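Each chain, letter by letter, is given below.
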Amino acid sequence: MSPMGIRLSPLGLGLFCLLGVGVIYHLYAGVISNHIAAFRQRRTVDLRDLLAVSVEAALLGGTEVKKVREENSLNEKSKGKTKEGANELLTTGDLQSHRKMFNLISNTFPEVTVNSEEHDNTLDKAAAWSRKIPADILEKVEGGRDVPAESVTVWIDPLDATQEYTENLVKFVTTMVCVAVDGKPVIGVIHVPFTGFTAWAFVGQGSNMRARSSYSVSTPKAIVSRSHSGKVKSFVQDAFGNSTTIIEAGGAGYKVLSLLEMPSSETIPMDQADVYIHVTFIKKWDICAGAALLSALGGHMTTLKGEDIDYSGTALNKGGLVASVGVDHKALVKKLPEWDPEKH
């Protein structure tokens, strides 16, 4: 009984509450839907922006790599050994480059998965994109290339060719960023810190690189790893004959650039190869950027069996690789002998 002697009906009270909820819903439905739409909008990524950030990250990382090398403050140590028994080295250059690159990309696109060769707990929340898009990217790449954030995986290599870096063979050293969408390499950036040159490509949109005018496929010049080689020399000779020229080089990024036409202004001479072959395990941050560059120019980077490499999921590629541009890649793969990297 209410104080005034009026009994409140539970049914009436319930109806009153429902009416109130209905009024509130109609008043705020537009606001709620706008918030949902804004949230969904934030979950997409403009790939041109991500390309520009990737270039900036590679440049920042390269500055750190060069500075540490010139100061001779490498503080190198071993992270362990590869399956083949080679040392995997870590230097101050690797770590400082990682911090710059990882934090810049992660801060700019916090909803995107970023995988780096190095791991470090140092966070720099102040690292921010300059919002500058290089002129050649603005010229060749349209904006508004939005994709769902959850479909994007970024692979960064803060210092490719660390072994050669410690030996002061700096021409092999690069910093790299790759953007994969649904496991396919779409954006690739390879920066050469000791010359300042940066190669970039956006598959289907453009690149500042191009293939050379001709390649030899009968007796190709094959570029291979000098520090993680395994039995690659005998593999190449079995495929193309003993007269095949084999170029030993450091860094997967360098090896991909050796397949392409480099600007004449480059101050450090670069090897020129017709095919890049690797017969041991290799990580995706080593090869994804190069795969994107080659793909943008009509080339290919596959496993030794000719299979596409999925650049999502785990970091390890166990199938070896063969990379080419300007030739019949399928015919090239057919020349290769049977090989299982897991058994060698």
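Residues numbered from 1 in each chain as written. Predicted model: local features only at pLDDT ≥ 70, side-chain atom pairs only at ≥ 80, totals over all residues. Heavy atoms only, no water.

## Some words on the overall build of the protein
- What the protein contains, in helices and strands, is nine helices and 19 strands.
- Looking at the 344 residues of the protein, the share that counts as buried comes to 48%.
- When contacts within the protein are restricted to residue pairs at least 6 apart in sequence, those whose partners lie at least 24 apart make up 71%.
- Carbon together with sulfur atoms contributes 52% to the accessible area of the protein, which is approximately 17000 Å² in total. (Helix = DSSP H or I, 4+ residues; strand = E, 2+ residues; numbered from the N terminus. Buried < 20%, exposed > 50% of the residue type's maximum accessible area, 1.4 Å probe, protein only. Contact = heavy atoms within 4.5 Å. Areas by Shrake-Rupley, 256 points an atom, 1.4 Å probe, with all protein chains shown as cover.)

## Here we look at the sheet that holds strand β4 (residues 113-116)
- Taken in spatial order, the six strands of this open sheet run β4-β6-β7-β8-β9-β10, and their pairing is mixed. Both outer strands of the open sheet, β4 and β10 (206-207), are each paired with one neighbouring strand and no more.
- Pairing geometry for strand β8 (residues 184-192) and strand β9 (residues 197-202), over six bridges, is antiparallel. Within the sheet, the bridge partner assigned to Ile-187 lies in β9 and is Phe-202. (Pairing = 2+ DSSP bridges.)

## With respect to the pattern of salt bridges
- This model, assessed by the stated rule, comprises twelve salt bridges.
- Asp-274 is the partner of Arg-212 in a salt bridge, and the nearest nitrogen-oxygen pair spans 3.5 Å. One end of the pair, Arg-212, is in the loop between β11 (210-211) and β12 (222-225); the other, Asp-274, is in the loop between β14 (260-261) and β15 (275-278), and 62 residues separate them in sequence. You'll find Arg-212 and Asp-274 in the same group, each marked buried.
- Salt bridges sharing common partners tie together Lys-79, Glu-117 and Glu-118. (Salt bridge = Lys/Arg side-chain N within 4 Å of Asp/Glu carboxyl O.)

## A closer look at the side chain of Asp-274
- The exposure class of Asp-274 is buried, given its relative accessible area of 9%.
- Polar contacts involving the side chain of Asp-274 include one to the main-chain amide nitrogen of Ser-216, which spans 3.3 Å. (Polar contact = N/O pair within 3.5 Å; in protein donor to acceptor, adjacent residues only side chain to side chain.)

## Concerning helix α3 (residues 92-108)
- In this model α3 runs 24 Å from its N-terminal to its C-terminal C-alpha over 17 residues, within 8% of the 24 Å that 1.5 Å per residue would give.
- For α3, the set of buried residues is Thr-92, Gly-93, Asp-94, Leu-95, Ser-97, His-98, Met-101, Asn-103, Leu-104, Ile-105 and Ser-106.
- Considering only its buried residues, α3 is in contact with α2 (47-71), β3 (87-90), β4, β6 (152-160), α5 (162-166) and β7 (174-181).
- With a side-chain oxygen lying 3.2 Å from the backbone nitrogen of Gly-93, the N-terminal cap of α3 falls on Thr-91. (Expected span 1.5 Å × (residues − 1).)

## Side note on the nonpolar core
- Ranked by internal contacts, the top residues of the largest apolar core, which has 48 residues, are Tyr-276, Met-301 and Tyr-311.
- It is helix α8 (residues 284-296) that contributes the most residues to this core, seven residues altogether.
- When near neighbours in sequence (up to four residues on either side) are disregarded, Met-301 contacts Val-256, Tyr-276, Ile-287, Gly-290, Ala-291, Leu-294, Ile-309, Tyr-311, Leu-321, Val-322 and Ala-323.
- In this structure, Leu-50, Phe-109, Val-186 and Ile-187 belong to the second largest nonpolar core, which totals 32 residues. (Core = buried A, V, L, I, M, F, W, Y, C linked by side-chain atoms within 4.5 Å.)

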